[in-house]
Every structure is written in C-alpha cells, then in structure tokens.
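Listed here are the chains, written in short residue letters.
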Amino acid sequence: MAEPSVRTGVALLGTGVLIALLGYMLSLFVHGILWLVPVGFVFMFDAGPALAAFGLGWIISALHPLRKWYLYSLIAGVVISAAGFAASWSMPLNQEIWSYQQLMMTLAWSVGPSLVLSAVVASIVINRRVSKAGIVLQRNMHEDEMDVVLILALYLPFITLVTNLNFYLRYVLPVAVTWLVWHLFADKLSTWLLKRQAVAGAILVAAEPPKTEETTIFNVASRSYYPMAFGLGVTTTVASVLDLLGINLFGEDPFSASANAAFISILAIALGSLYVGPVLWLFEDCGIRVFNPVRKILTEPKIHSLADEMIEIYTFIFSPIGLTFSVADGDLVLALILLAFIVHLLFTVSMTSTYLYLKFSVNKHLWKVVRRLEMEGLLTQKPL
Amino acid sequence: MRKILVLLLLAALVIPVNGFELSSVKDALRSDYEYLRDVVEQVSGDGDVSLRAMALHGIFAASIHMGLGDAESLNFLNKIAEQVGTRVLRGEGLDIGFTGKIPAAENLLTHLQTVYFAAMHYGLTQNQRSREMVDILGESLEKFLGWTPVYSRAAMLVQANWVSLMTGGSVNREEAQYAVNSYAEHFQEIVAFSTQNDAQLIQSLSALSSLLSVAHEANIEMPDELAALWMVHIEYVGNFTVVKNPGQDFELASRALLALVEAAETRHGRYASMALDVAMNLSQRMEGLYRVGDRLLMVETRLIDLLLYDPAATAEQVFTAAQQKTSAINMIYPTALARLRKLASMQSNSLEVVVTKLSTAKGYYPLFESGAALSEEYVNRFLRSSLFSTILVFERKPAAEVRNLALERFVSSSPVSTGVLIVLVLLALLNRVGVLYKRG
C-alpha cells in the first residue's frame, strides 16, 4: 500500500507550516504594500494551517490504512470545527481577544475542514486500491463509538444555547418525536406492506435470518441521509406553501423562520421518513425475499421507486429555489446559507434519531416483522 | 399516544406566532412605492420641479428601498439619484458655497435635504457620484453653518456608513477614521452645539452614537475624550425634565427616547446599558400618553416636522412653521419601540397597534389634522414609510449580518473553506454516481 504515505503527509505538513510562517513574515514587513496584507493574512491563518492539517490527517490515515485510521482524521476534523465554531461564537468580537478569536476561526474554518477533506481523499484512495486488490478492509476498533462522538460534535456549536428553549424545541424535541414515531410504527408498517404483496399473489420467502444492525459511524451516517433529505423537502414545501398562501406564521428573521418551518414539519417528517427510513432498512435487513410466481423472479422487498428516487431530485433542486422565495426574500446567497443551516439542523435530528432507532429498536423490529408474517402463515421457510 | 402527538402538533403551530404580520407592512410599503412612482412620473417631464422636491422624493424612495430591499425600488431610487446628481454637479437649483445667488433659507433647506439623500444613496449603493455630492454639499454646509456634529461632511459620511451597516453592508474604514478624527478635532464645536438647547443635545447624542457604532464596526478606537463626551450626553439626556415627565412635551421626549435607544444600540459598556434602562422606563411612561386601548392619540407637534417632508411647501413656509404647532400622531415613538424591542424583551404592544392601524395597502391612515400640510397624502405616506422601513430593516438585520459575515468569511478571509466545501460536494456526487471505486 503506497498511499497514503507518512512521507507525503510530512511533506504537506512542513509546507503548510512554511506557508503560515511566510504569511507571518509578510504581515510584519509589508505594511506599506496594501494588496499584500490580505495575502499574508490568508497564508498565516488559512492556507498554511489548512495544508498543515491536511498533511497531519494524511499521516494519521497512513499509519494503519487497512484499519480505516482515516476515520480518526474525519472525527478530529468535525470535532475541531465544531469546537472552534462554538468557542468563537461564544466570545464577543473585540480588539482585546482578536488573536484568540482568529485562532478559533482558523480551527473552525481551515484546520477542521482540511482534516475532513484529508480523511475523505485518503478513504477514496484506500478503497480504490482495496477494491482493485480484492482485499477486505478491517474494522476500526473505535467504529462503534465514533457515531456518538459525531452526534455530540453536531450538537457542540449549540453549547451556549443549552438554557434556551428554542434549542430544545428545534434540536431535542424533534429527535424524541421522530424516534418515538419510528419506534411505534416502523415494524407495523413494514409488516402491512409485505402482507399486501403476499395478498397480491407474491410469495414471501425467508431466504436468510435477519441481519443484526450495527451502530457503526458509516451505517448511522449513511442511513441518516434519506430522512434528512426527506425532511428538507417537507420543510421547504411547508415554508413555500405558507408563503404562497400569504400566511406569515414566523414573523422573525429568516433563520428563525426556517427553523420554525422545520419545527412545524416535525410530525410530517417523522411519519414520512418512516417509509424512506426505517421501513427501507427493515426491508433490506429482514432477510425476506419476494418471489413473483408469474415472472419467476426473486427480489428484495423495496419501497416505491418514486419515493426512493424523487426525494433527492425534489429536495436538492427545489430546496434552494423554494427557500430563496419563501424565507430569504429573493436573496440567493442568504438562501444557500439557510440551506446549510437547515441541512445541519435536519442532519443532526436525523442522525440522532437514526442512532436511537438502530441502537434500541431495529433488532426487535426485524424479529417482530418475521415472527408476525410467520404467525400468519405468509412466510415460506424453504428456498424455492 | 395519538392525543399526545396531536397536542405536540398544536403546540408547534401556536408557539411561533408573532404579534403582527410583516407581510402587511411590506404591502403598505409597496403601495407607498407605487404612489411615489406615480408622483415622480407626473413631475418628471416638468422642468420646474425643485431640486429640494427631487431630493425629498429621493429620501422617500431610499426609505422604501431600505424596507423592501428589492431590485424594482432600487432601480427607481437610482433613477432619482441620477437626476439629482446631474443637477447638483451642474450647480442647478442650489448655490454651492452660499454666494447669494439663491435666498439663503431656500438654499439651506435644499442643501440639507440633498446631502441627506446623497448620504442615504451612497450608503445603500456605494455610488461614487453620490459620495461626490456628500463631499461637495457637506463642505458647502460647513462653510455656511460652521462645523456641526449633525450637518458636517463627517456626520453625513457616518450617516451613509450607518445606513450601509443597517442594511447588511460593510463600513468603509477610511471614512470611519476620517469621521472619528473630524469629531475629535471639533470637540469644542460639539460642546457648543449641544449646549444651545435640549433638542440639539439630543441630536448630538444621536450623531455620537452613530459614530461610535460605525467606528466599532470598523475596529477603530474612539478617542477617550469623545467616548467621555458621549457618556456625558447620555447622562444629560437621561436627566432631562421631559424624560422624567414626558407629558410636558411628548415630541421632545420621543426624540430623547430614540437617541437613548441609539446609544443603547452601540452596546458600548456600562453607559449603553444605562441608556437602555432609561429608554425602557421612558417608553413605558410614554405608552399611556400615546394610545388608549387601540386608539392612537394626537399630540402637540411642531408644524415644521410635517412641512419639512412636504415637496409643495416653500422654504419660507417651512421656517415660519418652526414656531407653529399642530396635532399629529407621533411616529418617532413607534420607531424607537421597533428598535428597542430588538435590544430587550418588551411587554408593550403599542407597536402592534400602530402597525395594524397604519398598514392599510389601500390609501393611507391620516396622521395629522387635515389642512396642516399642503401635500397631505405625500406627507402621511412619507411618515408611514419611515416607520415601516425601520421595522423591516431591523427585522432583516440579524440575517443580513450573518449573510455578510458568512460571505466575508468564505470569500475573503477563508477561501480554503469554500474550496474544501466545493471539493467535498463534488466527491459526494461522484461517489453517488459510483465512479470513484467499485464496491465489493
């Protein structure tokens, strides 16, 4: 395994440090040349630290590439960004603590993102080589704990808001509602959908025993994607419909308006994402196959293709447009900032709910679905 | 369980409801825009329209644009600025340097309203021609009136930067530094201006607070003597008789309230907190004098405060009106409330009452006795638009600040984060398409 290599990482780290030093020298000596001042600033506080952080992340990834050590760089990047953001946010901006502020900004916007990028690039390089060589990557010994760290990091920017009611209304209550709805209804809906297929003439086959769901970082993060995308679509739709009807329920700044739109959509998000989230996961992992006696084919149970495919198209094309007109007053830049804000809000809610569901509900649900179908005599045990 | 879920949904629907709807404020402002556009279209072919009237239309249009923030009103504002700029730079309709070609009263009023318009336009658009007008007219006014904290070139540059700051723009550091130096150099003139009477002391406090806000935004340290002078002004205004007993002169008390709110907005240490406390108490004492239930009360007002915004009034009529009184619904008090509620939570719902009354998209709500002004509809709409644009500007301000902070961070001071974000999104797309590597 040639790359990622420690040598490349050290070279990048050293270059980054040199660029930062060059920026510092420029800031000392070029007071008279105005255009060089911002260049010096960017070298010292942005490009230099970013390249050094990329190099550091590369070194970490290179230490044990097959044991997915790039996950450490990834988690470090997210935590450093979130902590730097929280620290710079909690301090009033003034001259006395300017250098401290700048350091926190550098951690939040340069070091953190660079570590994340380094981890992502390293994972692509490693996975490409692994897939070519036909090797299987080993498990990282901390993979099970990293999802919890990632969730905590998502909440970290709001550490100063723990006494604010809005924090609980927007970031805690939606998690409880979503998880509760999933926990109560996911198995029932999955069983009902499978039963409908059996009634329609398909034969349900218990091809494999249900797979036990893991709460590894990638499992939780990737599974959070669909509920988050669905929530984004619902939120934008609610905001747009209210705007079209001339109903101004929010009356505050666009950030509060967007957060309120997301909040109002909680129940719709929880119920809707039940179908594109937990039901889909249960279908994937219950080990049941659907046999079509007419076409003689055996397939995995699926959710409707429209729900599967339309979510992304609708959400990511419509959201920027919808938000621009409904809450950002025609300001596209503001709409994109709002989009980032809502994506963070919904991803935090979605990932936490997904973690809770995978940790406490899914394994029971998998067995419940299989047992109910067995009890009703709808499940064939033998492969056809 | 179902009951709990229904209750949760109902709670979600009830919690975010606000006191009044901003959409009705915007609709009323849009109707003011249409009215003004018609007025300007009617006079556009008329060569006799005075520069002062054009500048007044410009101030009205700038105020509407600050509230609406849309391209249509900006386009309209720019057209007026173009006409005003051409006339000022040609020296038509005013006498730069006060050489006696035009009667001094008319020339002074034209100078004041034109320079104020130019400052607003420059603050909103960074138009260099308007900046040039601020320089020319500011210097001309300084020549005639001497240096004052309210009408000098430095004061107008502060005003322009304050407008820029409030509407989500940035502060020009060089201009802010020039203004700070100018105020520090003219320390004695500020004291002389303020000690003339209570109204001028209030004006000085407003000017010093704006200077402080602009300087703070530009990371410029205020000289100690200016900061001390600002504090002294807060103490004096806080101890005014009308502040203790606003019933004596409601209009002056409303001006004092607005100046104290502006001082509190600087968030500059203990004195800003003190100004906020005094302003909160004063606003509560004024409430009973302002409305009874949902009925707004007319209070004694100087006639000049209406005629100043009347394009049909001559300078002579305006200055004569300085000594005359009339009755009108005060618009400074709700303006101060709209800004105060962004600094502290308030129990009062006077602002909601005013907005509900005034926000009629068809026609206008009469704010003063019929016959007090020559262009009644114009003045009524002018006064309404000033309040409504303030409400919208302060509603939009937090988002505008975040927007600009984010833009500044991503574009100028941290280009790496933008680059990383773009690369990550690109990699995510490639991964989704499945071209990065084959999955086992």
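> I tried to follow the overall build of chain B on my own but got confused; where do I start?
Helix and strand counts for chain B stand at 20 helices and four strands. Burial analysis of chain B (440 residues in total) assigns 47% to the buried set. Long-range pairs, those at least 24 residues apart, make up 70% of the contacts in chain B with a sequence separation of at least 6.

> I keep staring at the overall build of chain A and nothing clicks. Help me out?
Secondary structure assignment for chain A yields 12 helices and four strands. Across the 384 residues that make up chain A, the buried fraction comes to 45%. Expressed as a percentage of contacts within chain A between residues at least 6 apart in sequence, the contacts between residues at least 24 apart total 81%.

> Help me out: how do you make sense of the sheet that holds strand E4 (residues 379-380) of chain A in this one?
Picture the strands of a sheet paired through backbone hydrogen bonds; they go either parallel or antiparallel. Residues and elements named next belong to chain A. Here four strands make up an open sheet; going across it, the order is E3-E2-E1-E4 and the pairing mixed. Each having just a single partner strand, strand E3 (297-299) and E4 make up the two edges of the open sheet. Alignment of strand E1 (residues 203-206) against strand E2 (residues 288-292), held across four bridges, turns out to be antiparallel. Note that in E2 the partner of Ile203 across the bridge is Phe291.

> Can you walk me through the UniProt feature "transmembrane region" (unreviewed entry) in chain B in this structure?
Within this structure's numbering, the places UniProt gives as "transmembrane region" (unreviewed entry) are residues 416-437 of chain B. The straight-line gap between the two end C-alpha atoms of residues 416-437 of chain B is 26 Å; of that span, 82% is helix and 0% is strand.

> Teacher, can you tell me more about helix H5 (residues 104-125) of chain B here?
Every α-helix carries 3.6 residues per turn, so stepping three or four residues along brings you back to the same face. Between its first and last C-alpha, H5(B) extends 31 Å over 22 residues, near the 32 Å set by a 1.5 Å rise per residue. Residue Gln126(B) follows H5(B) closely and has a positive phi angle near 60°.

> I'm lost on helix H6 (residues 128-145) of chain B in this one. Help?
Residue and element names in this part refer to chain B. For H6, spanning 18 residues, the distance from its first C-alpha to its last is 25 Å, which sits close to the expected 26 Å at 1.5 Å a residue. Those residues of H6 lying buried are Ser130, Arg131, Met133, Val134, Ile136, Leu137, Gly138 and Leu141. Packing partners of the buried residues in H6 comprise helix H4 (71-90), H5 and helix H7 (153-166). Just past H6, the residue Gly146 takes up positive phi, approximately 80°.

> Please clarify how the nonpolar core should be interpreted in this entry.
Burial of nonpolar side chains together is a common tendency in soluble globular proteins. Residues Val134(B), Leu211(B), Ala256(B), Leu257(B) and Leu260(B) are the most contacted members of the largest nonpolar core, which totals 128 residues. Excluding residues within four positions of it along the chain, Leu260(B) makes contact with Val237(B), Gly238(B), Ala275(B), Val278(B), Ala279(B) and Leu282(B). Ile60(A), Ile151(A), Ile337(A) and Phe347(A) belong to the second largest nonpolar core, which has 111 residues in total.

> Which parts of the structure should I look at to understand unusual backbone geometry?
Peptide bonds are trans in most cases, and residues, glycine excluded, mostly fall at negative phi. A positive phi angle is found at Lys296(A), which is not glycine, with a value near 55°. Here Lys296(A) lies in the loop between E2 and E3. Positive phi values are uncommon outside glycine, yet Phe98(B) reaches one of about 50°. Tracing the backbone through its elements, the reader meets Phe98(B) in the loop between H4 and H5.

> Any chance you could explain the packing of helix H3 (residues 51-68) of chain B against H5(B) here in plain terms?
What describes two packed helices is the angle between their axes and the distance between those same axes. Residue and element names in this part refer to chain B. Put simply, H3 and H5 touch, their axes get as near as 9 Å, and they point 30° apart. In terms of orientation, H3 lies roughly parallel with respect to H5. You can see that H3 and H5 cross each other, and the crossing is left-handed. Contact residues: H3 offers Leu51, Arg52, Ala55, Leu56, Gly58, Ile59, Ala62, His65 and Met66, while H5 offers Leu109, Thr110, Gln113, Thr114, Tyr116, Phe117, Met120, His121 and Leu124. Of the residues assigned to the contact of H3 with H5, the class counts are 11 nonpolar, six polar and one charged.

> Explain the pairing of E2(A) here, please?
Each regular strand shows side chains that alternate between the opposite faces of the sheet. Residue and element names in this part refer to chain A. Taken together, the three bridges between E2 and E3 define a ladder with antiparallel strand orientation. The partner of Phe291 across the bridge, within E3, is Leu298. Joining the antiparallel neighbours E2 and E3 is a turn of four residues, in which Lys296 adopts a positive phi near 55°.

> Would you explain the packing of helix H10 (residues 198-217) of chain B against helix H13 (residues 250-265) of chain B in this entry?
All names here are of chain B. Relative to each other, H10 and H13 sit at 20°, their axes nearing to 8 Å. Classified by the angle between their axes, H10 and H13 sit roughly parallel to one another. Considering the relative orientation of H10 and H13, their crossing is left-handed. Counting all contacts with H10, which are made through Asp198, Ala199, Ile202, Leu205, Ser206, Ser209, Ser210 and Ser213, the residues of H13 involved are Leu252, Arg255, Ala256, Ala259, Glu262, Ala263 and Glu265. Taken together, the residues that form the contact of H10 with H13 break down as seven nonpolar, four polar and four charged.

> Please explain the confidence of the model for chain B as it appears in this structure.
A low pLDDT means the predicted coordinates there should not be read in detail. Residues and elements named next belong to chain B. Mean pLDDT over chain B: 87, with 93% of residues reaching 70 or higher. Predicted confidence is poor over residues 5-18, with pLDDT under 50, and the contacts of this stretch with residues over four places away or in other chains come to 13 contacts. For this predicted complex, the interface score ipTM comes out at 0.81, while the overall pTM is 0.64.

> Mind showing me how you'd approach the environment of Pro210(A) here?
All names here are of chain A. Secondary-structure assignment places Pro210 in the loop between E1 and helix H7 (217-244). Pro210 sits 73 residues away from Phe283 along the chain, and the two C-alpha atoms are 9.8 Å apart. In this structure, Pro210 is in contact with Asp285, Cys286, Gly287, Leu366, Trp367 and Val370, ignoring residues within four places of it in sequence.

> Explain the environment of Leu280(A) here, please?
All names here are of chain A. Its location among the elements puts Leu280 in helix H9 (residues 266-285). Look at Leu280 and you get buried, because 22 C-beta atoms sit within 10 Å. In this structure the C-alpha to C-alpha distance between Leu280 and His304, which are 24 residues apart in sequence, comes to 9.8 Å. Leaving out residues up to four positions away in the same chain, Leu280 has contacts with Tyr226 and Ile303.

What counts and how
Residues numbered from 1 in each chain as written. Chains lettered and ligands numbered in written order. Predicted model: local features only at pLDDT ≥ 70, side-chain atom pairs only at ≥ 80, totals over all residues. Helix = DSSP H or I, 4+ residues; strand = E, 2+ residues; numbered from the N terminus. Buried ≥ 20, exposed ≤ 12 C-beta atoms within 10 Å, placed from the backbone. Contact = placed C-beta atoms within 7 Å. Pairing = 2+ DSSP bridges. UniProt positions renumbered as here; feature names shortened; annotations may be inferred. Expected span 1.5 Å × (residues − 1). Core = buried A, V, L, I, M, F, W, Y, C linked by C-beta atoms within 7 Å. Axes fitted to C-alpha atoms, helices over the stretch in contact; angles between N-to-C directions. Parallel < 35°, antiparallel > 145°, perpendicular 65-115°, else oblique. Left-handed = near helix turned anticlockwise from the far one by under 90°. Nonpolar A, V, L, I, M, F, W, Y, C, P; charged D, E, K, R; others polar. pLDDT = per-residue confidence, 0-100.

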